[in-house]
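Letter by letter, the chains look like this.
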Amino acid sequence: MSTIVDITKLPMAYRCIGCDAEGVKLWRSYNLLLDDQTLKCRACSEVEQRVVRPYVGGDSIGWRIPAIPEDSGDFWLHKSAPDGAIAWWRALPEVDARKESS
Ligand SMILES: [Zn+2]
């Protein structure tokens, strides 16, 4: 089983629509189709979902769930992603290194 996730097949950039963060963990809406999907980083997801730290909700943030790409160019359904893909997502940082100084 491949543990490499290909983000280039997605119809959108793997980037936060709120703050343009890249190379970080992103969350997607639980209940939206791919065409309407938006990706947000933890900080932007928490603002949108009004979730305050300490955060104890597992990998989900309110109605947002981990955005884990699958090879077809869509995202894995909630909790159905293979271990390798989940590990890929969990290994991503939460803050874009380019923005950490701000
Ligand atoms: Zn963001």
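Further up the page is the structure itself.
Fair warning: this is a prediction, and the values are worked out from it, not measured in the lab.

Draft legend 1. Highlighting the overall build of the chain. Secondary structure assignment for the chain yields two helices and three strands. A burial count over the chain gives 23% of its 102 residues as buried. For the chain, the proportion of contacts with a sequence separation of at least 24, taken over those separated by at least 6, is 55%.

Draft legend 2. Region of the structure containing the sheet that holds strand β2 (residues 39–40). Taking strand neighbours across the sheet as the criterion, the three strands line up as β2-β1-β3 in an open arrangement whose pairing is antiparallel. The sheet terminates laterally at β2 and β3 (64–66), the two strands that pair on one side only. Of the pairings in the sheet, the one linking strand β1 (residues 27–29) to β2 comprises two bridges and is antiparallel in character. Directly across from W27, in β2, lies its bridge partner K40.

Draft legend 3. Region of the structure containing helix α1 (residues 42–49). Residues R42, C44 and S45 constitute the buried set of α1. Down the axis of α1, the smallest arc covering the buried residues is 165 degrees, so these residues share one side. Looking at the residues trailing α1, positive phi occurs at R50, about 55 degrees.

Draft legend 4. Representation of the nonpolar core in the model. Core analysis: the biggest nonpolar cluster contains 15 residues, and C16, L26, W27, C41, A67 and I68 have the highest contact counts within it. What C16 contacts, discounting residues up to four positions off in sequence, is A21, L26, L39, K40, C41 and C44.

Draft legend 5. Structural context of unusual backbone geometry. One non-glycine residue, D20, lies in the positive phi region at around 65 degrees. With respect to the secondary-structure elements, D20 resides in the segment before β1.

How each quantity is defined
Per chain, residues are indexed from 1 in the order of the written sequence. Only residues with pLDDT of 70 or above have their local features reported here, since the model is predicted, and side-chain atom pairs are shown and tallied only from 80 upward, although totals for entire chains, interfaces and linings are computed over all residues. Here a helix means four or more residues in a row that DSSP labels H or I, a strand means two or more in a row labelled E, and each is numbered from the N terminus. Here exposure depends only on C-beta density: within 10 Å of a residue's C-beta, 20 or more other C-beta atoms make it buried, 12 or fewer make it exposed, and intermediate numbers make it partly exposed, the C-beta atoms being placed from the backbone. By definition, residues are in contact whenever their C-beta atoms, placed on the basis of the backbone, come within 7 Å of each other. The rule for pairing is simple: two strands pair if DSSP sees at least two bridges between them. Directions from the helix axis toward the C-beta atoms define the arc. Residues enter a nonpolar core if they are buried, belong to Ala, Val, Leu, Ile, Met, Phe, Trp, Tyr or Cys, and are joined to the set through C-beta atoms within 7 Å.

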